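Examining the three-dimensional arrangement
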Amino acid sequence: MKPQAAQVPATQTILMVDDTPANLGMLAQVLEAHGYGVVVAQDGTEAIERAGFVQPDLILLDVMMPGLDGFATCRRLKHLERTRDIPIIFMTALGDGGDKLTGFEAGGVDYVTKPFQVDELLARVNTHLTLRAAQQQLERQNAQMQQEIALRQQAETRLRHAHDELERHSHKLERSNTELEQLAYVASHDLQEPLRMISSYLQLLEKRYKDQLGADAREFIDFAVDGAHRMQDLINDLLSYSRIGTRSKPFQPVDCNRLAATVLATLRLSIEEARASLVVDPLPTVSGDPSQLAQLLQNLLANALKFRGEAPPSIRLYAETDGDAWRFTISDNGIGIESDYFVRIFAMFQRLHSRTAYPGTGVGLAICKKIVERHGGRIWVDSTPGAGSSFHFTLPSLQGVAA
């Protein structure tokens with residue numbers, strides 16, 4: 001029964017080293033008949049040269065040769081980087097166990113004895129070629145794994161550096177924002193007194209010299225006083241905006257029903273003046289800063305009252321669950337907003353109408369946005385011009401993370 005050498009790929013090459021041409025011819029015939037490529041050498045020096053050039057998958061090496069014997073040849077092959085991993089099977093007529101031990105110490109992996117038993121020879125060749133192929137596969141897999149590990153480590157290093165850089169920029173931006181907020185607060189606070197002085201002296205000037213002033217002069221004084229009042233309103237809004245970050249309070253449970261009742265009481269005169277119908281559905285308790293949430297509701301409800309159409313305002317405040325948060329909505333039947341302005345209106349000093357039509361500083365919705373974002377939520381608007389608007393914002397539930 002012939003051995004199943006076909007399990008080894010036909011492309012595998014065997015270097016045979018023997019100083020007897022007859023042995024080489026017989027071995028070459030057997031091995032080639034079973035699909036192996038064969039390279040021959042007749043001494044140790046020639047074997048070392050051809051092994052380095054051909055890079056065979058296995059070497060069959062005769063022990064007894066003139067010049068470099070098999071043991072010395074094996075040691076040199078194992079010393080060279082290009083050939084050290086090639087398995088070597090010694091061929092010998094020697095039966096001394098000491099010679100076999102010497103061969104294993106030199107780096108050989110097996111022995112076959114002369115005269116050869118073909119089946120035994122092919123079985124040993126097939127076994128060591130299979131082991132060599134498995135070893136090479138493991139080496140390739142290990143190299144690939146090492147490459148993947150190196151790439152992963154490089155990616156992790158880049159990610160860590162990017163994260164550190166992002167943190168540095170974040171801390172820098174946070175410091176800049178804090179400094180800007182403090183600067184805005186100080187500047188706005190310090191502007192209050194000169195504005196009050198300007199307004200007071202203009203009013204005193206008008207009162208004392210009213211009879212001596214012409215109509216144009218009195219009109220000019222009125223313009224100046226109105227400008228001072230508008231500047232005062234703008235400064236107050238800027239102070240409110242800066243205080244969101246500089247004078248914020250820790251989050252706590254906030255009963256939005258009580259909060260809405262307080263805000264409606266504050267807006268009572270505006271509600272009556274507009275003959276508004278205002279419905280407040282049962283509201284949840286959320287986690288937040290009570291004073292800032294009151295300012296948020298007041299700004300949005302005041303806008304719903306201010307930007308009204310010809311019909312009396314009809315306003316509804318309600319809340320619905322939105323994942324781990326609550327989504328609040330304030331809907332109205334007012335003048336509405338064009339879709340092009342849905343994002344723009346939440347920026348600082350953005351006005352869609354003249355001051356004569358709708359007074360204001362253009363800061364109110366920017367304050368709302370900053371309050372909502374400080375609470376970890378978002379704010380947006382849906383609107384149809386002439387039909388009304390719905391302002392939505394999300395707030396954390398009682399399980400929300402404190403700021």
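Refer to the structure above for everything that follows.
Overview of the structure. Predicted model only: the values in this text are computed from it and were never measured.

It is worth spelling out unusual backbone geometry at this point. Proline 115 follows lysine 114 through a cis peptide bond whose omega is -10 degrees. In this structure, proline 115 sits in the loop between β5 (110-113) and α5 (118-208). Although it is not a glycine, glutamine 55 sits at a positive phi angle of roughly 55 degrees. Its place among the elements puts glutamine 55 in the loop between α2 (44-54) and β3 (58-62). Its identity is not glycine, yet arginine 275 carries a phi of approximately 55 degrees, on the positive side. Residue placement: arginine 275 occurs in the loop between α8 (268-274) and β7 (277-280).

Right, let's talk about the side chain of threonine 394 for a bit. Tracing the backbone shows threonine 394 in strand β12 (residues 388-396). At 3.0 Å, the side chain of threonine 394 forms a polar contact with the backbone nitrogen of arginine 378. Excluding residues that lie within four positions of it along the chain, threonine 394 makes contacts with Asp322, Trp326, Arg327, Val372, Gly377, Arg378 and Trp380.

In this section: the packing of α2 against helix α3 (residues 70-79). Close contact between α2 and α3 brings their axes to 9 Å; oriented N to C, the two are set at 25 degrees. Viewed along their axes, α2 and α3 adopt a mutual orientation that is roughly parallel. Like other packed secondary-structure pairs, α2 and α3 cross with a definite hand, here right-handed. On α3, the residues touching Gly44, Ala47, Ile48 and Ala51 of α2 are Thr73, Arg76 and Leu77. Each residue belonging to the contact of α2 with α3 can be placed in one class, and the counts come to four nonpolar, two polar and one charged.

Right, let's talk about α3 for a bit. All buried positions along α3 are accounted for by Gly70, Phe71, Thr73, Cys74 and Leu77. An end-on view of α3 places all buried positions within 160 degrees of arc, on one side of the element. With a side-chain oxygen positioned 3.2 Å from the backbone nitrogen of phenylalanine 71, the residue opening α3 is aspartate 69.

Here we come to the sheet that holds strand β2 (residues 37-41). The strand order β2-β1-β3-β4-β5 describes an open sheet built from five strands, whose pairing is parallel. In this open sheet, the two edge strands, each paired with only one partner strand, are β2 and β5. Ignoring which end each strand starts from, the neighbouring axes of this sheet average 20 degrees apart. Judged from the four bridges that link them, strand β1 (residues 13-17) and β3 form a sheet pairing that is parallel. Residue pairing for β3: isoleucine 14 is matched across the bridge by leucine 58. Lying over the sheet, helix α1 (residues 21-33) contacts β1, β2, β3 and β4 (88-92), oriented at roughly 165 degrees with respect to β1. The strands that α3 touches are β3, β4 and β5; relative to β4, the one it contacts most, it runs at about 170 degrees.

By the secondary structure assignment, threonine 329 is in strand β10 (residues 325-331). Here histidine 392 takes part through its side chain, which lies 2.8 Å from a polar atom of the side chain of threonine 329. Residues in contact with threonine 329, not counting those within four places in the same chain, are Arg316, Leu317, Tyr318, Ser390, Phe391 and His392.

Turning our attention to the pattern of salt bridges. Tallying each qualifying case throughout the model produces twelve salt bridges. One salt bridge in this structure joins lysine 114 and aspartate 18, with 3.1 Å as the shortest N-O distance. Taken as a pair, lysine 114 in the loop between β5 and α5 and aspartate 18 in the loop between β1 and α1 lie far apart in primary sequence, 96 residues in all. Overall, lysine 114 belongs to the partly exposed group, its relative accessible area being 22%. Linking arginine 374 and aspartate 289 is a salt bridge whose minimum nitrogen-to-oxygen distance equals 3.1 Å. Remark: aspartate 289 occurs in the loop between β8 (285-288) and α9 (290-306) and arginine 374 occurs in helix α10 (residues 364-374); sequence separation between them is 85 residues. For aspartate 289, a relative accessible area of 0% corresponds to the buried category. Here the residues in one salt-bridge network are Asp18, Asp62 and Lys114, joined through shared partners.

So, on to the sheet that holds strand β9 (residues 314-322). For sheets, the rule is that strands pair by backbone hydrogen bonds, running either parallel or antiparallel. The strand order across the open sheet built from five strands is β7-β9-β10-β12-β11, with neighbouring strands paired in mixed fashion. The open sheet has two edge strands, β7 and β11 (379-384), and neither has a second partner. Along the sheet, successive strands turn relative to each other by an average axial angle of 20 degrees, direction set aside. In this structure, β10 lies alongside β12, joined through seven bridges in antiparallel fashion. Pairing of phenylalanine 328 across the sheet is with phenylalanine 393, part of β12.

Calculation rules
Residues numbered from 1 in each chain as written. Predicted model: local features only at pLDDT ≥ 70, side-chain atom pairs only at ≥ 80, totals over all residues. Heavy atoms only, no water. Helix = DSSP H or I, 4+ residues; strand = E, 2+ residues; numbered from the N terminus. Polar contact = N/O pair within 3.5 Å; in protein donor to acceptor, adjacent residues only side chain to side chain. Contact = heavy atoms within 4.5 Å. Axes fitted to C-alpha atoms, helices over the stretch in contact; angles between N-to-C directions. Parallel < 35°, antiparallel > 145°, perpendicular 65-115°, else oblique. Left-handed = near helix turned anticlockwise from the far one by under 90°. Nonpolar A, V, L, I, M, F, W, Y, C, P; charged D, E, K, R; others polar. Buried < 20%, exposed > 50% of the residue type's maximum accessible area, 1.4 Å probe, protein only. Arc of directions from axis to C-beta. Pairing = 2+ DSSP bridges. Salt bridge = Lys/Arg side-chain N within 4 Å of Asp/Glu carboxyl O.

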